[in-house]
Amino acid sequence: MADYEKYKNKERKTNHMNISISGTGYVGLIQGVGLAKLGNKVICIDIDNEKVQKINRKEAPIYEKGLSALLKQTVGKNLKATTNLKKAILSTNITFVCVGTPSMVYGRIKLHEMERICHDVGEILKEKKTKHVVVIKSTVLPGTTESTVIPNLENASGKKFGKDFGVVMNPEFLREGSALEDFFHPDRIVLGSSDPRSIAAVKQIYSKFKCPIIETKFKEAEMIKYAANSMLATKISFINEVGNICKRMGIDTNTVARGIGLDYRIGPQFLVSGIGFGGSCFPKDVLALVHKSLELGYHPRILRAVLDVNKDQPLRFLDLVEESLGGLKGKRIAILGLTFKAGTDDVRESASLSIIKEFIMQQAKLYIYDPMGMPPVKTLFPHLNYMKNAQEAVDQSEIVCILTEWPEFKALNYGTKMVIDGKNIFDSDRRPQNYQGICW
Ligand code: UDX
């Protein structure tokens with residue numbers, strides 16, 4: 001039974017609140033079902049009517065472990081979705097803003113959705129008699145809540161932050177694939193604001209959580225998110241760099257990672273070497289922090305190196321395949337894995353896609369399989385060979401590339417085919433006969 005299931009049928013002693021969530025992407029939807037599961041009355045708002053209908057039909061618009069089950073339990077009871085922002089704001093006391101802040105060139109983040117939503121919420125607050133608290137969950141660079149969020153809310157509402165409405169910056173730390181577990185069992189909750197009453201209101205929502213709640217200034221809360229992701233990304237690029245050296249010396253990086261990870265000052269997490277980090281957060285957030293830092297006249301050497309190492313890992317993988325085959329043109333290559341990690345259907349910034357693009361350029365013949373990630377990739381590359389299952393991809397090919405750590409890839413019959421592993425999926429005594437790892 002999943003951990004969050006222990007909340008099932010439990011009497012909650014907190015004062016349940018009326019909460020609206022603007023943006024039903026990854027963060028907003030998990031926040032919405034999580035808060036509904038805790039007994040709050042939640043309205044999820046999105047401009048995408050199709051998505052709203054889907055949620056109201058209790059169907060998950062994204063794949064995430066446990067999400068479908070929780071939608072079934074909460075929708076129609078204390079969770080609903082709507083496109084009507086006004087009704088949702090007027091009937092709730094707290095609104096979480098979970099809109100996207102995508103990257104532009106040079107890592108700048110786009111704030112147009114954030115500006116639009118703050119303006120629209122502000123207009124509605126004009127009519128609101130009771131005090132409302134706006135909670136920013138979207139990842140925004142330090143300073144954004146004060147320079148963009150509050151002025152937009154104040155201008156559109158004609159009201160004053162602190163006196164008439166509250167604002168809190170509450171970053172999220174959810175990992176795709178275990179987002180609900182992370183929601184119910186956070187390591188810490190960060191609440192940033194210059195208004196203690198706003199913080200007190202949001203603290204109430206999280207009163208049943210056992211973890212430390214850190215109260216900070218706005219900018220500190222914003223920076224904690226960037227610094228946390230940059231630290232984790234640094235650990236990955238660090239172990240990849242160590243791995244690149246180990247590989248040249250015939251040393252198994254996994255043993256080295258275990259040996260250093262047992263030092264409690266280092267810790268074992270995020271020391272799995274491979275083709276590098278992808279996803280919607282690490283590449284974008286580290287780049288945005290680099291850009292911000294350069295703007296401020298500081299050259300962030302470590303963060304630049306983290307990105308450089310990460311960019312090079314797929315090239316190292318390609319080199320291994322090319323060396324093993326003696327060229328790529330016309331070669332039959334199995335691609336096992338498209339998503340940036342297992343447990344998700346998300347292919348954003350996936351290293352697998354950079355590798356595939358290069359194989360296509362070199363005119364290799366690809367046989368592709370991923371249990372979750374094929375639909376989005378088919379729209380990008382419609383003319384490639386997508387296989388019904390992983391074994392079929394292996395059987396058609398002369399070399400196999402493992403690019404996502406889906407557990408099912410461990411149990412295939414690889415025979416004597418060369419397998420190049422970019423995700424470190426096998427225990428050292430269970431590796432295929434003809435096998436190479438990217439850093440081991
Ligand atoms: C991350 C953060 O962990 C989360 O706190 C934040 O809120 C959002 O970004 P996520 O992107 O879902 O979460 O995935 P995560 O598990 O952190 O992995 C990110 C990438 O790093 C993946 O491509 C993964 O394969 C890679 N990774 C992770 C490694 O290469 N080695 C590791 O040891 C760990």
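Residues numbered from 1 in each chain as written. Predicted model: local features only at pLDDT ≥ 70, side-chain atom pairs only at ≥ 80, totals over all residues. Heavy atoms only, no water.

**Things to note about the overall build of the chain**
Then step 1. Scanning the chain from terminus to terminus reveals 15 helices and 14 strands.
Then step 2. Taken over C-alpha atoms, the radius of gyration comes to 23 Å for the chain, in line with the 22 Å a tight globule of 440 residues would show.
Then step 3. For the C-alpha atoms alone, the extent of the chain along its principal axes is close to 70 × 50 × 40 Å.
Then step 4. Split into buried and exposed, the 440 residues of the chain put 54% on the buried side.
Then step 5. Expressed as a percentage of contacts within the chain between residues at least 6 apart in sequence, the contacts between residues at least 24 apart total 70%.
Then step 6. Looking at the chain as shown, the accessible area adds up to about 20400 Å², and 52% of this sits on carbon and sulfur atoms.
Then step 7. Distance between charge centroids for the chain: 5 Å, based on 62 positive and 48 negative side chains. (Helix = DSSP H or I, 4+ residues; strand = E, 2+ residues; numbered from the N terminus. Rg over C-alpha atoms; globule rule 2.2 N^0.38 Å. Buried < 20%, exposed > 50% of the residue type's maximum accessible area, 1.4 Å probe, protein only. Contact = heavy atoms within 4.5 Å. Areas by Shrake-Rupley, 256 points an atom, 1.4 Å probe, with all protein chains shown as cover. Lys, Arg positive; Asp, Glu negative; His and termini not counted. Charge placed at Lys NZ, Arg CZ, Asp CG, Glu CD.)

**Some details on the layout of surface pockets**
Then step 1. In this structure, the second largest pocket occupies an estimated 650 Å³ of space.
Then step 2. In this structure, the second largest pocket is lined by 25 residues; those nearest its centre are Pro 283, Leu 307, Asn 310, Lys 311 and Glu 349.
Then step 3. With 8 residues, helix H12 (residues 301-325) is the largest single contributor of residues to the lining of the second largest pocket. (1 Å grid on protein atoms, 1.4 Å probe; cavity = no way out; pocket = protein on both sides within 12 Å on 5 of 7 lines; lining within 4 Å. Points joined across faces, edges and corners; volume = space filled by probe spheres on them.)

**Focus: the environment of Arg 304**
Then step 1. The residue Arg 304 is located in helix H12 in this model.
Then step 2. Between the C-alpha atom of Arg 304 and that of His 291, which follows or precedes it by 13 residues, the distance is 9.8 Å.
Then step 3. When near neighbours in sequence (up to four residues on either side) are disregarded, Arg 304 contacts Val 290, Leu 294 and His 299.

**Description of the nonpolar core**
Then step 1. With 49 residues, the main nonpolar core has Val 321, Ile 333, Ile 335, Leu 336, Phe 359, Phe 409 and Tyr 414 as its most contacted residues.
Then step 2. Where this core is concerned, the elements lending two or more residues are H12, strand S9 (332-336), helix H13 (351-361), strand S10 (365-369), helix H14 (374-380), helix H15 (390-396), strand S12 (399-402) and strand S13 (418-421).
Then step 3. Not counting chain neighbours up to four residues away, the residues in contact with Leu 336 comprise Tyr 369, Ala 390, Ala 393, Val 394, Val 400, Cys 401, Ile 402, Leu 403, Thr 404, Phe 409, Leu 412 and Tyr 414. (Core = buried A, V, L, I, M, F, W, Y, C linked by side-chain atoms within 4.5 Å.)

**With respect to empty space enclosed by the protein**
The gaps of empty space that remain are located by a probe, the size of a water molecule, rolled over the atoms.
Then step 1. In the structure shown here, the tally under the stated rule is 2 cavities of 30 Å³ or more.
Then step 2. A volume near 30 Å³ is recorded for the second largest cavity.
Then step 3. Contributing to the lining of the second largest cavity are Ile 275, Gly 276, Gly 278, Thr 339, Phe 340, Ser 350, Ala 351, Ser 352, Leu 403 and Lys 423.
Then step 4. Within the lining of the second largest cavity, the residues separate by chemical class into 4 nonpolar, 5 polar and 1 charged. (Nonpolar A, V, L, I, M, F, W, Y, C, P; charged D, E, K, R; others polar.)

**Focus: the domain arrangement of the chain**
Then step 1. When its domains are assigned, the chain resolves into domain 1 (3-216) and domain 2 (251-437).
Then step 2. Relative to domain 2, the C-alpha centre of domain 1 lies at a distance of 33 Å.
Then step 3. If you look at the interface, domain 1 gives 16 residues, while domain 2 gives 18 residues.
Then step 4. Surface buried jointly by domain 1 and domain 2 totals about 1300 Å² across both partners, of which 57% is contributed by carbon and sulfur atoms.
Then step 5. Considering only the surface of domain 1 that becomes buried against domain 2, Tyr 63, Leu 141 and Glu 176 emerge as the three largest contributors, covering 44% of it. (Domains from an automatic or database assignment. Buried area = accessible area lost by both parts, 1.4 Å probe.)

**Comments concerning the pattern of salt bridges**
Then step 1. Throughout the structure, instances matching the rule amount to 22 salt bridges.
Then step 2. Among the charged side chains, a network of salt bridges with common partners joins Arg 108, Lys 292 and Glu 295. (Salt bridge = Lys/Arg side-chain N within 4 Å of Asp/Glu carboxyl O.)

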